[in-house]
Amino acid sequence: MSSHEAVVRVVDDDESIRRSLSGLLRSVGLSVITYGSAQDFLASDRSDTPGCLVLDVHLPGLSGLELQSELAGTDRALPVIFLTGLGDIPMTVRAMKGGAVEFLTKPLDAPALLKAIRHAIEKDLQARTERGKLDEPRRRYDSLTPRERGVMHRVIAGRLSKQIAAEFGTSEATVKEQRAQVMQKMRAETLIALALSAKRLGL
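Residues numbered from 1 in each chain as written. Predicted model: local features only at pLDDT ≥ 70, side-chain atom pairs only at ≥ 80, totals over all residues. Heavy atoms only, no water.

Novice: Would you mind showing me how to read the pairing of strand 4 (residues 80-84) here?
Specialist: Two faces, one strand: in a regular strand the side chains alternate between the faces of the sheet. Burial runs high along strand 4: five of the five residues are buried. A two-sided burial pattern is seen for strand 4, the buried positions comprising V80, F82 and T84 on one face and I81 and L83 on the other. Bridge analysis of strand 3 (residues 51-56) against strand 4 gives four bridges, and the strand direction is parallel. Counted as the bridge partner of L53 is V80 from strand 4. (Buried < 20%, exposed > 50% of the residue type's maximum accessible area, 1.4 Å probe, protein only. Helix = DSSP H or I, 4+ residues; strand = E, 2+ residues; numbered from the N terminus. Pairing = 2+ DSSP bridges.)

Shown next, in the form of structure tokens:
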């Protein structure tokens, strides 16, 4: 996956701005899709394509900041570059705290916008690469039974098999068998490898 496959999505209620940005981005080889409102963007059939979101702050209905909040933390979130003709410090702070890449004022400085877009696309590609690295460990973890997950959490916390057995009210032999299943399913040859997998998964 590369920046050449990325799509810049522009959300602005001003048709002249949409046309202008569309022409600018296509002139430098970027793919672009425009929307007249946050609702249009949310209602669109968006493929899971890398890219970024160029978003006007002041939109009819759902505002740009509200759209940013709605997308945050979802698997469809994109790096956001905000545009505004009426910016203020509290608004800028809120946008940046929400993870915005840049906050630009109109009339737009084309080089600054293109630089921000390239940075945002690179940020999205890096994030997707990191998420990809977690896909296989996550599938392995999801294959564990609830009891095996409980054993795994306690093993990486440093508890001995007999301590885990006492906590679960089962035999030490059973815990050792479950522990072996955890190691096999997680493809971890050592406890250090298991702990590293757990850390990558945020456990």
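Novice: Quick question: what am I supposed to make of helix 9 (residues 191-200) here?
Specialist: Because an α-helix packs 3.6 residues into every turn, residues spaced three or four apart end up facing the same way. Taken together, the buried positions of helix 9 are occupied by L194, S197 and A198. Each buried residue of helix 9 sits inside an arc of 100° when the element is viewed along its axis, so together they form one side. Opposite its buried face, helix 9 presents the exposed residues I192 and K199, each directed more than 90 degrees away. Considering only its buried residues, helix 9 is in contact with helix 6 (146-156) and helix 8 (172-185). (Arc of directions from axis to C-beta. Contact = heavy atoms within 4.5 Å.)

Novice: Teacher, can you tell me more about the side chain of R9 here?
Specialist: By the element assignment, R9 lies in strand 1 (residues 7-11). Side-chain polar atoms of R9 contact the side chain of Y35, separated by 2.8 Å. Ignoring any residue separated from it by four or fewer positions in sequence, one finds R9 in contact with I33, Y35, F41, R46, S47, T49, C52, L53, V54 and L78. (Polar contact = N/O pair within 3.5 Å; in protein donor to acceptor, adjacent residues only side chain to side chain.)

Novice: Just checking my understanding: could you explain the environment of V11 for this structure?
Specialist: Relative to the assigned elements, V11 resides in strand 1. In this structure, V11 is in contact with Y35, S37, A38, F41, L53, V54, L55, D56 and L59, ignoring residues within four places of it in sequence.

Novice: Looking at this model, I keep getting lost on the side chain of D124. Mind explaining?
Specialist: Summarising the element assignment, D124 is placed in helix 5 (residues 110-142). In this view, D124 contacts P50, G51, L78 and P79; residues no more than four positions away in its chain are not counted.

Novice: When you look at the packing of aromatic side chains in this model, what are you seeing that I'm missing?
Specialist: Each aromatic ring pair is summarised here by two numbers: the centre-to-centre distance and the angle between the ring planes. Summed over the entire model, instances satisfying the criterion amount to two aromatic pairs. Summarising the aromatic geometry, the rings of Y35 and F41 are spaced 5.3 Å apart at their centres and angled 90° between planes, so their arrangement reads as edge-to-face. The exposure class of F41 is buried, given its relative accessible area of 0%. Taking 6.0 Å as the distance between ring centres and 40° as the angle between the ring planes, the aromatic pair formed by F82 and F103 counts as tilted. Within this pair, whereas F82 is found in strand 4, its partner F103 is found in strand 5 (residues 102-105), the two being separated by 21 residues in sequence. A relative accessible area of 0% means that F82 is categorised as buried. Lying over the aromatic face of F168, R147 brings its terminal NZ or CZ to 4.0 Å of the ring centre. In this arrangement the basic side chain of R149 is found over the ring face of Y141, its NZ or CZ atom lying 5.0 Å from the centre. (Phe/Tyr/Trp six-rings, centres within 6.5 Å; stacked < 30°, edge-to-face > 60°. Lys NZ or Arg CZ within 6 Å of the ring centre and 35° of its normal.)

Novice: Is there a simple way to explain the environment of A180 in this structure?
Specialist: Take A180: it is sitting in helix 8. Owing to a relative accessible area of 42%, A180 belongs among the partly exposed residues under this scheme. With 110 residues separating them along the chain, A180 and E70 place their C-alpha atoms 42 Å apart.

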